[in-house]
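Residues per chain, in single letters:
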Amino acid sequence: MEELHADVVLVGGGSAGCVLAARLSEDPARRVVLIEAGTRITDPDVDRPELWPFIQNRNYDWAYRTTPQTGTAGRVHEWPRGRGVGGSSNLHAMAHMRGDRRDFARWAAETGDQRWSWEGLLPAFRKLETADRADGATADADWDAVHGSDGPLPVLRPTGESSPLVVDYLAAWQGLGVPGIPDHNHGDMVGATPNSLTIRDGRRVTASEAYLDPALGRPNLTLLDGAQVHRLVLDGSRVAGVAVTRDGRDLLVRGDAVILTAGSIGDPLLLMRSGIGDPAVLAAAGVGTTLASAGVGGNLHDHLLGAGNLYRARREVPPTRLQLSEAMTYLPADGPAAIAADRSSGPGPDVVIGCVVGPSASEVLAPRLPAIPAGGAYTLLFGVTNPTSRGSLRITGPDLDDAPVIEPAYLTTAHDRETFRRALELAREVGAAPELADWRAEEILPGPGVRSVDELDAFIAEAVITHHHPVGTLRMGADESAPVDAALRFRGLDNLWVVDGSVIPSITAGPVHAAVLAIAESFAESFAESSDPAR
Ligand SMILES: Cc1cc2nc3c(=O)[nH]c(=O)nc-3n(C[C@H](O)[C@H](O)[C@H](O)COP(=O)(O)OP(=O)(O)OC[C@H]3O[C@@H](n4cnc5c(N)ncnc54)[C@H](O)[C@@H]3O)c2cc1C
């Protein structure tokens, strides 16, 4: 069998994999191989921000599906995931939100390591971005203290480009007492502001474009695309290498250090195919256990959004110049009245309400709607920031073609169901505000008659769709039952690390891409500082 050897082998060329490939190959003495199942994506639709909901199910999407979910009226949820260089950053909706400082305080508590606190991660968040200054100001010390100005990823703060509907939506929140905030990236997410977006000159910027492409000319960096990793090859407590198929040929890629960057779904499936996981799950799939690790594939959780609180428009809603979901407002569950003057120490964000410049309804609600002409409707999405429902995923057999079982256990806790009702109430409150009177003809969904707890729960179960943030399947933690430790080393193996969305122990309040990139930046820094981390 053909063999290749590198100092560092990265499994998965998605968001985190692109960061690590670029950062770890900055040292010309370190040979880095990046292995990606998909190929380079050339579809021009990927570039166009407004097309993001319509590019799923193409040949660069893994197109996963969940099992029927009891909490969502027995529905099966489609889970797109990017399969190609740049991974899910090719499909994502481009919202750039770091998370709330309380999210990272939880991470620090769960790992026992301040490196994962807001303050600990701030250098990584700054390093990864070139952020637009608020309102085009030339100097702003507060802004510069938390934002980066020369990182690989451009972050657009689209003041002046927002839809007129979104301008009125933000004014409506302010009318209800919700303060305006500079952006979602200051550590305190409670407040009203347009979404920051990873868009430059009207085009999507992927993790590949920002990080990998500028590094690909380095002689010490090799990209193996169109190459699927079947399993890890173990030698005692070390990973000797990874078994790969590329162009119909088998390949063994040996590495002193092996880093999993195949994402929240790809990583645990690869470990289980390699005999690493819960012995009962492995046995049921016909795989022998080489290393028992019960937490592999557990703690699966995701954000849901209610799609949606839909309104027929009184006047034509113009098409978006950005992407369809332009502004998400984060609030305590008790609403605007609960917002403290000092937002850092007051109640944090429990719910999110987003304004979509067009109709948005789940796959079961959409077919029941009356015909809506272009520009004829708009939507308020609503969701829960920190859901407590936890599920799992598992393999069904030893081969790459054996479809996984994905069970997110959506809406299985009382907390999640109650907070979802609250989110819908708050969406309706802002939807009825006088600042939106010129836009609002009538509420179409759920419809004025839907008011009782049972009616609201039944509507929510049919309305929720994934916000596309599955995380946590190899959580980092101080406890021995966490598969990954605070340094992101996989417990039980000497030279295996996990660095992507799967290590997130509890989800951040908002979209997770910025946090995934910051985890990778932080890891790259510590890896480079360590003289020989593989030993
Ligand atoms: C439709 C959609 C919309 C989203 N919108 C937003 C948003 O607006 N804002 C936000 O913050 N987040 C958003 N997200 C989430 C965000 O994109 C992801 O959380 C993030 O990209 C995950 O990064 P990752 O590195 O963990 O995994 P990925 O980027 O998914 O990378 C994993 C890579 O590993 C590869 N791989 C998997 N298995 C193997 C194998 N066996 N061998 C070789 N390669 C393998 C995959 O092909 C993939 O390229 C969205 C996601 C989707 C899908």
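Bear in mind that the values here come from a model prediction, so they are computed numbers and not experimental data. (Residues numbered from 1 in each chain as written. Predicted model: local features only at pLDDT ≥ 70, side-chain atom pairs only at ≥ 80, totals over all residues. Heavy atoms only, no water.)

Close contact between helix α9 (residues 414-431) and helix α10 (residues 453-463) brings their axes to 10 Å; oriented N to C, the two are set at 95°. The angle between the axes of α9 and α10 places the two elements in the roughly perpendicular class. In this structure, α9 contributes R417, F420, R421, L424 and R428 to the contact, and α10 contributes V453, L456, D457, F459 and I460. (Axes fitted to C-alpha atoms, helices over the stretch in contact; angles between N-to-C directions. Helix = DSSP H or I, 4+ residues; strand = E, 2+ residues; numbered from the N terminus. Parallel < 35°, antiparallel > 145°, perpendicular 65-115°, else oblique. Contact = heavy atoms within 4.5 Å.)

What follows covers the domain arrangement of the protein. When cut into domains, the protein gives domain 1 (1-65 + 79-157 + 197-302 + 469-530) and domain 2 (159-194 + 303-391 + 399-467). Once you take the C-alpha centre of each, domain 1 and domain 2 turn out to be 28 Å apart. Each partner contributes residues to the interface: domain 1 has 48 residues there, and domain 2 has 42 residues. Here domain 1 packs against domain 2, burying approximately 3600 Å² in sum over the two surfaces, 55% of which is carbon and sulfur. Counting the surface domain 1 buries against domain 2, the share from its top three residues, R102, R157 and D302, is 18%. (Domains from an automatic or database assignment. Buried area = accessible area lost by both parts, 1.4 Å probe.)

This part covers the UniProt feature "binding site: FAD" (unreviewed entry) in the protein. The sites that UniProt annotates as "binding site: FAD" (unreviewed entry) are V229 and G501. Positionally, V229 belongs in strand β10 (residues 227-235). The exposure class of V229 is buried, given its relative accessible area of 10%. With respect to the helices and strands, G501 occurs in the loop between β23 (496-498) and α11 (513-529). Among residues more than four places away in sequence, those in contact with G501 are S264, V471, G472 and V516. (UniProt positions renumbered as here; feature names shortened; annotations may be inferred. Buried < 20%, exposed > 50% of the residue type's maximum accessible area, 1.4 Å probe, protein only.)

With that settled, the discussion passes to the site of the ligand. As a matter of local geometry, the ligand sits amid 38 residues, with S15, E36, S88, A93 and H513 nearest to it. The contact in question runs from an oxygen atom of the ligand to an N or O atom on the backbone of G84, over 3.3 Å. One nitrogen or oxygen atom from the main chain of V512 is found 3.3 Å from an oxygen atom belonging to the ligand. About the coverage of the ligand: the protein hides 97% of its 1000 Å² of free accessible area. Looking at the shell around the ligand, the elements that each hand over two or more residues are α1 (15-24), β10, α7 (263-273) and α11. (Near = heavy atom within 4 Å. Polar contact = N/O pair within 3.5 Å; in protein donor to acceptor, adjacent residues only side chain to side chain. Areas by Shrake-Rupley, 256 points an atom, 1.4 Å probe, with all protein chains shown as cover.)

A side chain of one charge can pair with a side chain of the opposite charge when the charged atoms of the two come close. Per the stated rule, a full pass over the model turns up 30 salt bridges. Of the charged contacts in the structure, one is a salt bridge between E26 and R23, with a shortest N-O distance of 2.9 Å. What makes E26 partly exposed here is its relative accessible area of 45%. Judged by relative accessible area, which is 16%, R23 ranks as buried. Linking E50 and R48 is a salt bridge whose minimum nitrogen-to-oxygen distance equals 2.9 Å. Taking the relative accessible area as the measure of exposure, E50 reaches 26% and is therefore partly exposed. Salt bridges sharing common partners tie together D47, R200, R203 and E209. (Salt bridge = Lys/Arg side-chain N within 4 Å of Asp/Glu carboxyl O.)

I35, Y169, V242, I259, L488 and F490 are the most contacted members of the largest nonpolar core, which totals 138 residues. The leading source of residues in this core is α11, at ten residues. Not counting the four nearest positions on each side in its chain, I259 is found in contact with V8, V9, L10, V11, L20, L24, W497, V499, F523 and F527. Ranked by size, the runner-up nonpolar core spans eleven residues in total, among them M189, L305, M328 and V356. (Core = buried A, V, L, I, M, F, W, Y, C linked by side-chain atoms within 4.5 Å.)

Moving on, we get to the side chain of D267. Locating D267 in the fold gives a position in helix α7. A polar contact is formed between the side chain of D267 and the side chain of S502, at a distance of 2.9 Å. Discounting residues that sit within four places of it in the chain, D267 has contacts with L260, T261, A262, L474, V498, D500 and S502.

When you line up the elements, E418 lands in helix α9. Of the residues examined, E418 reaches a relative accessible area of 48% and is grouped as partly exposed. As a C-alpha pair, E418 and A29 span 389 residues in sequence and 55 Å in three-dimensional space.

Another point: the pairing of strand β2 (residues 32-35). Because side chains alternate across β2, one face comprises the buried residues V32 and L34, and the other comprises V33 and I35, equally buried. Note that strand β1 (residues 2-11) and β2 share four bridges and pair parallel. Residue V9 lies in a different strand from β2, and its bridge partner there is V33. The sheet contact formed by β2 and strand β9 (residues 221-224) spans four bridges and is parallel. Looking across to β9, one finds that I35 is bridged to L224. (Pairing = 2+ DSSP bridges.)

Our next topic: empty space enclosed by the protein. For the coordinates displayed, the defined rule picks out three cavities of 30 Å³ or more. Roughly 90 Å³ of internal volume is contained in the largest cavity. Here the residues of the lining of the largest cavity sort into eight nonpolar, three polar and two charged. (1 Å grid on protein atoms, 1.4 Å probe; cavity = no way out; pocket = protein on both sides within 12 Å on 5 of 7 lines; lining within 4 Å. Points joined across faces, edges and corners; volume = space filled by probe spheres on them. Nonpolar A, V, L, I, M, F, W, Y, C, P; charged D, E, K, R; others polar.)

Glancing now at unusual backbone geometry. For the bond from A307 to G308, the omega torsion is -10°, close enough to zero to count as cis. Each neighbour pair has its own omega, and for L445 with P446 the value is -5°, a cis peptide bond. Turning to its location among the elements, P446 is positioned in the loop between β21 (440-445) and α10. Positive phi outside glycine occurs at A73, with the angle close to 60°. Note that A73 resides in the loop between β3 (64-65) and β4 (78-79). Located in the positive-phi region is D247, a residue other than glycine, with phi close to 50°. Locating D247 in the fold gives a position in the loop between β11 (238-246) and β12 (249-260).

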